[in-house]
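Notes for the structure review
These are the residues of each chain, in order.
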Amino acid sequence: MFHRHSTIHLTLAAAAFVLTGASHAQTAPAKAAPIKVGLMLPYTGTYANLGNMIENGFKLYVQEQGGKLAGQEIQYFKVDDESDPSKATDNVNKLIKRDQVDVVIGTVHSGVALAMARAAKESNKLLIIPNAGADAITGPICSKTVFRSSFSNWQPAYAMGQLAAKKGYKKAITVTWNYAAGNESVKGFAEGFEKGGGKIMQSMNIAFPNVEFQALLTQIASQKPDVVYSFFAGGGAVKFVKDYAATGMNKTIPLVGPGFLTDGTLEAQGAAAQGMITTLHYADNLNIARDKAFRLNFAKTYKTNADVYAVQGYDAAQMLTAGLKAANGDIRKLEQVVTGIEKAEIDSPRGKFKLSASHNPVHDIYIRQVKGNLNEFQGVAIKQLADPGRGCKM
Ligand code: PHB
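Computed from a predicted structure; not experimentally measured. (Residues numbered from 1 in each chain as written. Predicted model: local features only at pLDDT ≥ 70, side-chain atom pairs only at ≥ 80, totals over all residues. Heavy atoms only, no water.)

1. Topic: the state of the cysteines
Inspection of every chain in the model, using the stated rule, returns 1 disulfide. Sulfur-sulfur distance for the disulfide between C142 and C392 comes to 2.2 Å. Handedness of the C142-C392 disulfide follows from its S-S torsion of about 85°: it is right-handed. One end of the pair, C142, is in the loop between β5 (126-129) and β6 (146-148); the other, C392, is in the segment after β14 (374-385), and 250 residues separate them in sequence. Take C392: its relative accessible area is 22%, and that puts it in the partly exposed class. (Disulfide = S-S within 2.5 Å. Helix = DSSP H or I, 4+ residues; strand = E, 2+ residues; numbered from the N terminus. Buried < 20%, exposed > 50% of the residue type's maximum accessible area, 1.4 Å probe, protein only.)

As structure tokens, this is what we get:
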């Protein structure tokens, strides 16, 4: 028996060799090279915590898939972008040109992301943005290989503008950091607020990432608006919300904003943030089974609660997976990868979403209110809000 079997094996092997005319090395199944994932995120500065949450969210999804995406091994390359636009082009080229990554995941800061989007477009590189909302990225400079798993700056801002008008506020002051995200957020708020009959009394700003807010707060107090709208995030949001409450104005002039003002920040803000109303595509107690499972696994793995940034990182990994699956795991088949992402329905913790024609999530914008350490779901501000994608031609 043994002898006969080995003879058959030998014969088959010989036949295979003759048929293919190939050497042993070539007939053995080729081991695919790992997919090179470049993470370009802020690991220092006011947005450092946001960068870490995004990376953790991304890696959680990979871990849930057994360490592979669509059957492919993953190899990581990392760059700290420091939220510094002046270093952004050099930094992204460390990943694209030096490390020759297959896909770039990043970043948080709109000014940095604008440079990344231009570099990705020039080199036809796949880029998935897990936060930065710069409107132009899914507007005038949109491109086939650039996607967002997050939001446009316009989306939560416009929703808050409409909500503030509906609440009966007539006069608003806006205050933000003077860069793309802050300015676009204020613009989106003004659009929604003015449509609903509101008026912007004054728009104030301060250079990013400064946190010397006293002069601005004194001015707000003297102008007595009905409401203050503000975009800050990360360490800056912690400081602004605390400084605002310290003046006592939070008792008479509500401070509102996109949810970044109170997301991932509540432990540090404590009493200062209680009761605040914000709008965002995520909340801490959504009644969505997918979200509950995600939050549980996130908390178990990282010993901290998930936030919107973790969700956006997780969903970036889901989008990449959808693209890979459409290309049978071959990241070099870029057209198939892109089409796969364009067609995907992402089963996000925020709720299922699809992408608009300009590659930005179309999702519900929730109304949230701070209670304890949670941004509690209060209702939907606008259902299935799509960024208008103004100026995008692909
Ligand atoms: C941005 O720069 O686009 C940005 C940064 C932090 C946020 C949201 C948007 O939380």
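2. Section: helix α9 (residues 234-246)
Between its first and last C-alpha atoms α9 spans 19 Å; for 13 residues at 1.5 Å apiece the expected length is 18 Å, and the two agree. Among all positions of α9, only G234, G236, A237, V238, F240, V241, D243, Y244 and A245 are buried. The secondary structure elements touched by the buried residues of α9 are α3 (48-64), β7 (171-177), α8 (214-223), β9 (227-231), β10 (255-258) and α10 (266-269). Directly beyond the C-terminal end of α9, a positive phi value near 85° is found at G248. (Expected span 1.5 Å × (residues − 1). Contact = heavy atoms within 4.5 Å.)

3. Comments concerning the sheet that holds strand β4 (residues 103-105)
Backbone hydrogen bonds hold the strands of a sheet together, and the pairing may be parallel or antiparallel. Ordered by their spatial adjacency, 6 strands build an open sheet running β2-β3-β1-β4-β5-β6, and the pairing between neighbours is mixed. Edge positions in the open sheet fall to β2 (68-69) and β6, since each of these has one partner strand only. In this structure, β4 lies alongside β5, joined through 3 bridges in parallel fashion. Among the inter-strand pairings, I105 is bridged to a residue of β5, identified as I128. Running over the sheet, α3 touches β1 (35-41), β2, β3 (72-80) and β4 and is turned about 160° from β1. (Pairing = 2+ DSSP bridges. Axes fitted to C-alpha atoms, helices over the stretch in contact; angles between N-to-C directions.)

4. So, the pattern of salt bridges
Taken as a whole, this structure holds 17 salt bridges when the rule is applied. One salt bridge connects D243 with K239, and the closest N-O pair in it is separated by 2.8 Å. On the criterion of helical spacing, the pair formed by D243 and K239 is a turn pair, its members being 4 residues apart in helix α9. Owing to a relative accessible area of 31%, K239 belongs among the partly exposed residues under this scheme. A salt bridge links D330 to R332; its shortest N-O distance comes to 3.0 Å. For D330, a relative accessible area of 18% gives the class buried. By relative accessible area, which is 72% here, R332 ends up exposed. Sharing partners across several salt bridges, the network here consists of E55, K59 and K78. (Salt bridge = Lys/Arg side-chain N within 4 Å of Asp/Glu carboxyl O.)

5. Structural notes on the packing of helix α12 (residues 308-326) against helix α13 (residues 334-343)
Contact pair α12 / α13: the axes reach a minimum separation of 7 Å and the direction vectors enclose 125°. By the criterion of interaxial angle, the relationship of α12 to α13 is oblique. In this structure, α12 meets α13 at a crossing whose hand is right-handed. Together, M319, A322, G323 and A326 of α12 and Q336, V337, G340 and I341 of α13 make up the contact between the two elements. (Parallel < 35°, antiparallel > 145°, perpendicular 65-115°, else oblique. Left-handed = near helix turned anticlockwise from the far one by under 90°.)

6. Some thoughts on the domain arrangement of the protein
Under the domain assignment, the protein is made up of domain 1 (32-151 + 287-362) and domain 2 (154-280). For domain 1 and domain 2, the distance between their C-alpha centres works out to 28 Å. Across the domain 1/domain 2 interface, buried area totals approximately 1400 Å², and carbon plus sulfur atoms make up 55% of it. Ranking the residues of domain 1 by area buried against domain 2 places T46, Y47 and D135 at the top, with a combined share of 36%. (Domains from an automatic or database assignment. Buried area = accessible area lost by both parts, 1.4 Å probe.)

7. Describing the site of the ligand
With respect to spatial proximity, 16 residues lie near the ligand, and among them V108, S110, G133, Y179 and Y309 are the closest. Contact between the ligand and G133: an oxygen atom at 3.0 Å from a main-chain N or O atom of the residue. One of the side-chain N or O atoms of Y179 is found 2.5 Å from an oxygen atom in the ligand. Taken by itself the ligand offers 280 Å² of open surface, and the protein chains cover 100% of this. Looking at the shell around the ligand, you find at least three residues from each of domain 1 (32-151 + 287-362) and domain 2 (154-280). (Near = heavy atom within 4 Å. Polar contact = N/O pair within 3.5 Å; in protein donor to acceptor, adjacent residues only side chain to side chain. Areas by Shrake-Rupley, 256 points an atom, 1.4 Å probe, with all protein chains shown as cover.)

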